[in-house]
Amino acid sequence: MRVCVVGASGKLGRYMVQHALDRDYEVVGVCREKSVAKLADFGDRITVVPGQTDDREVIGRAVAGCDAVLTVLVPWGVRGYSSGTAQAVMDLAPEGARLVFSCGWHITRDGKDVYSRWFLASGRALTVLLRLVRVADVDDQVEACRRIFESRTRWTVVRGSDLEEGESQGLPVWSRHVGAPVLASNITRRTDFALFMVEAITDDTLVHEAPAIVGRDTPSALAHAQRREDAS
Ligand SMILES: NC(=O)c1ccc[n+]([C@@H]2O[C@H](COP(=O)([O-])OP(=O)(O)OC[C@H]3O[C@@H](n4cnc5c(N)ncnc54)[C@H](OP(=O)(O)O)[C@@H]3O)[C@@H](O)[C@H]2O)c1
C-alpha cells in the first residue's frame, strides 16, 4: 500500500505518517520546504516532496502511484489554500484511490448537524477575525468540503472534535451528525484522529461518509456504549 500524506509535517500529519509506517505502508509526505526538518525523525523510511500543498505540480508528483491520499485540510491565508489543495488531490490522485480529508465539526454535509449557540457564535467570530487579519479563511475549508462532497472520488471527510495530546485510547467512535449524544464530550486525542484517518483507508463503509468523531474513552462515548449494552 502506497500512501501520500499531504500536510505531513504538522501534528496530525506526523501521527498519520507514524500510523501508516506501523502498518508497513510506503509513505510519501508533502510539506512546505521550511518544514522538511520536522520529518527528520522518520529518516529514509519516508519520501518527502517539499512544496505548498495547493501546488498542482507538487501534488501530481507526490500522489503518483498512490493507493490512498490522506490530506490535512487547513485554511491558511486568504487565497484558497484549502480548496486548492483538495482540488489538486481530487484531480491528480490515481483513479479509484482512497481520499481521506481532515477538518472540524464546523463542516456540515447535509445541514442536519445540531450545534450549540456557543459553537456557532464562537466559530463565526473566529472566522471573521481570522479573515480580517488575513491569517486564515475558514469559509475556504467549507468550500473545499463542498467540492469533495460533490466529487465522484472515493472520499471520506473526517470531522474532528476539539483535540488534545496524550496516549492513544484506540479508534474514536463516530456519528453522522454533530449533536448526537455520543459526541457530547467533544474531545479526541490527536493521535487517535490520525488513527481514524489511516484506518479509513481500508474501511469501505466510510466511503462517501463525513464521520464526526470523539475519543472512545470519553464520558459521552462510554455512556453511549453502556446504553447499547443495556439495550441488548
Ligand atoms: N486544532 C484543533 O483543535 C482541531 C479541531 C478539530 C479539527 N481539526 C482539524 O485537524 C487538522 C489538523 O489541525 P491541527 O490544528 O492539529 O494542526 P496541524 O496538525 O499542526 O496541521 C497544521 C498544518 O498547517 C500547515 N501550516 C501551518 N501554517 C501554514 C501556513 N502559513 N501556510 C501553509 N500551511 C501552513 C502546517 O504545515 P507546517 O508543518 O509546514 O507548518 C501543517 O501541515 C485540520 O484539518 C483541522 O481542521 C483541528
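Our subject is the structure listed above.
Notes on the structure in this doc start here. (Residues numbered from 1 in each chain as written. Predicted model: local features only at pLDDT ≥ 70, side-chain atom pairs only at ≥ 80, totals over all residues.)

A look at helix H2 (residues 56-63)
Consideration 1: Buried residues of H2: Val-58, Ile-59, Ala-62 and Val-63, and no others. Buried residues in H2, looked at end-on, bunch into an arc of 110 degrees, giving them a common side.
Consideration 2: Looking at the packing, one finds that the buried side of H2 touches strand E1 (2-6), strand E2 (26-31), strand E3 (46-50), strand E4 (68-72) and helix H3 (81-92).
Consideration 3: Of the residues flanking the end of H2, it is Gly-65, one or two places downstream, whose phi is positive at about 75 degrees. (Buried ≥ 20, exposed ≤ 12 C-beta atoms within 10 Å, placed from the backbone. Helix = DSSP H or I, 4+ residues; strand = E, 2+ residues; numbered from the N terminus. Arc of directions from axis to C-beta. Contact = placed C-beta atoms within 7 Å.)

Looking at the site of the ligand
Consideration 1: In the vicinity of the ligand, 21 residues are found, and the nearest of them are Ser-9, Gly-10, Leu-12, Ser-35 and Gly-160.
Consideration 2: Counting residues per element, the ones that place at least two in the shell around the ligand are helix H1 (11-22) and strand E5 (98-104).
Consideration 3: Among the residues forming the shell around the ligand, the class breakdown is 8 nonpolar, 8 polar and 5 charged. (Near = placed C-beta within 6 Å. Nonpolar A, V, L, I, M, F, W, Y, C, P; charged D, E, K, R; others polar.)

Describing the packing of H2 against H3
Consideration 1: Orientation of H2 relative to H3, taken along the N-to-C sense of each, is 45 degrees, at an axis distance of 9 Å. It follows from the interaxial angle that H2 and H3 lie oblique. Of the two elements, H2 crosses H3, and the hand of that crossing is right-handed. Residue-level contacts link Arg-56, Ile-59, Gly-60 and Val-63 of H2 to Ala-88, Val-89 and Leu-92 of H3. (Axes fitted to C-alpha atoms, helices over the stretch in contact; angles between N-to-C directions. Parallel < 35°, antiparallel > 145°, perpendicular 65-115°, else oblique. Left-handed = near helix turned anticlockwise from the far one by under 90°.)

Here's the deal with the packing of H3 against helix H5 (residues 138-150)
Consideration 1: Where H3 contacts H5, the two axes come as close as 7 Å, and the packing angle between them is 20 degrees. By the angle class used here, H3 and H5 are roughly parallel. H3 and H5 meet at a crossing whose hand is right-handed. Note on element contacts: H5 touches H3 through Asp-140, Gln-141, Glu-143, Ala-144, Arg-147 and Ile-148, opposite Tyr-81, Ser-82, Ser-83, Ala-86, Gln-87 and Met-90.
Consideration 2: Each residue belonging to the contact of H3 with H5 can be placed in one class, and the counts come to 5 nonpolar, 4 polar and 3 charged.

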